[in-house]
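Overview (structure and organization)
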Amino acid sequence: MSSFLRPAIPGQDPLILPSRNGNTSETGAGRIPGQYRRVSSHLAIAPPVSVVIPAMNEAENLPYVFKTLPDWIHEVVLVDGNSTDDTVQVAQDLWPGVKVVKQRGKGKGDALITGFAACTGDIIVMVDADGSADGGEIVSYVSALVGGADFAKGSRFANGGGTDDMTPVRKLGNRVLCAVVNAKFGARYTDLCYGYNAFWRHCLDKISLDCTGFEVETLMNIRVVKAGLRVQEIPSHEYLRIHGVSNLRAVRDGLRVLKVILKEQGTRRRRRLSPSLTLNANRGEVS
């Protein structure tokens, strides 16, 4: 059994097992609070999990998002993109202790980079704020990571996944772009442009995040492969946005993704961590 997982036996404390850095941790009444968290009646995990939610004017959707999040999460980091509604207040009411980070730049990529820098967990999960993702799936992502993967990539087209939100044109575009990435970089993805992913925080030391737009998801998928990280796809179901209108545009956004792919094809050298991660951490205001 992995040192990060153990049976959660009712009435018994989790065993003392080594963590990823070789230290030991304990949990249970009268003990120093440790890393193990009960996931279900039969499973406990060692690593603390941070969930990053980039949001701008998503006050109406956040109740649905937070309702599905597991209670064993270590922390929720909400990156507020200068919302003009009650996004921040709603998040604080729904999840006491939520870490709110003010985004200074623009774009989803910038928001995610800012959120990643604010995380303290060993595992980071990316979740959209529009209500399209089911937080109950996080356990599948975390299980893949503690089982040996470096990057758990959500897929709407893997066996067991699905989507209620993609038009035929977007599905075709995603399939074509996914095929290009697989051919050019030796990946075996079934889905390319999906924002529900999870990874060990140490992965940030092996990839460079220098994209401020929504293409950051494609960029991450390419660079984890180029860095030789172990990737496991997780079947995921994407639901319709609950409130509001999406900013996605099939042709425009497809061309932006293609531009990223072509740029990465000409940059085969393994990258180091981008200074932008540190810069964004300093720019964010944590409350």
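This report concerns the structure included in the present document. Fair warning: this is a prediction, and the values are worked out from it, not measured in the lab. (Residues numbered from 1 in each chain as written. Predicted model: local features only at pLDDT ≥ 70, side-chain atom pairs only at ≥ 80, totals over all residues. Heavy atoms only, no water.)

1. A few points about the environment of Ser50
Mapped onto the elements of the fold, Ser50 is located in strand 6 (residues 49-55). With 70 residues separating them along the chain, Ser50 and Thr120 place their C-alpha atoms 6.9 Å apart. If we ignore the near neighbours within four places in the chain, the residues touching Ser50 are His74, Glu75, Cys119, Thr120, Gly121, Ile123, Ile124 and Val125. Among the polar contacts made by the side chain of Ser50, one reaches the side chain of Glu75 at a distance of 2.6 Å. (Helix = DSSP H or I, 4+ residues; strand = E, 2+ residues; numbered from the N terminus. Contact = heavy atoms within 4.5 Å. Polar contact = N/O pair within 3.5 Å; in protein donor to acceptor, adjacent residues only side chain to side chain.)

2. Structural notes on the pairing of strand 4 (residues 37-40)
Examined bridge by bridge, strand 4 and strand 5 (residues 43-45) share three bridges and lie antiparallel to one another. Bridge pairing in strand 5 places Arg38 opposite Ala44. Once strand 4 ends, the chain turns through two residues before running back antiparallel as strand 5. (Pairing = 2+ DSSP bridges.)

3. Digging into the pattern of salt bridges
Evaluated as defined, the whole model comprises 13 salt bridges. Across the pair Glu58 and Arg241 runs a salt bridge whose closest N-O atoms are separated by 3.0 Å. Here Arg241 lies in the loop between strand 14 (237-238) and helix 7 (250-265) and Glu58 lies in the loop between strand 6 and helix 1 (62-67), a separation of 183 residues in the sequence. Salt-bridge contacts for Arg170 lead to Asp165; the nearest nitrogen and oxygen are separated by 3.6 Å. Through salt bridges with shared partners, one network takes in Asp210, Arg223, Lys226 and Glu264. (Salt bridge = Lys/Arg side-chain N within 4 Å of Asp/Glu carboxyl O.)

4. Description of helix 4 (residues 138-146)
Turning to helix 4, its buried residues are Ile138, Tyr141, Val142, Ala144, Leu145 and Val146. Where helix 4 terminates, the next one or two residues include Gly148, which has phi positive at roughly 130°. (Buried < 20%, exposed > 50% of the residue type's maximum accessible area, 1.4 Å probe, protein only.)

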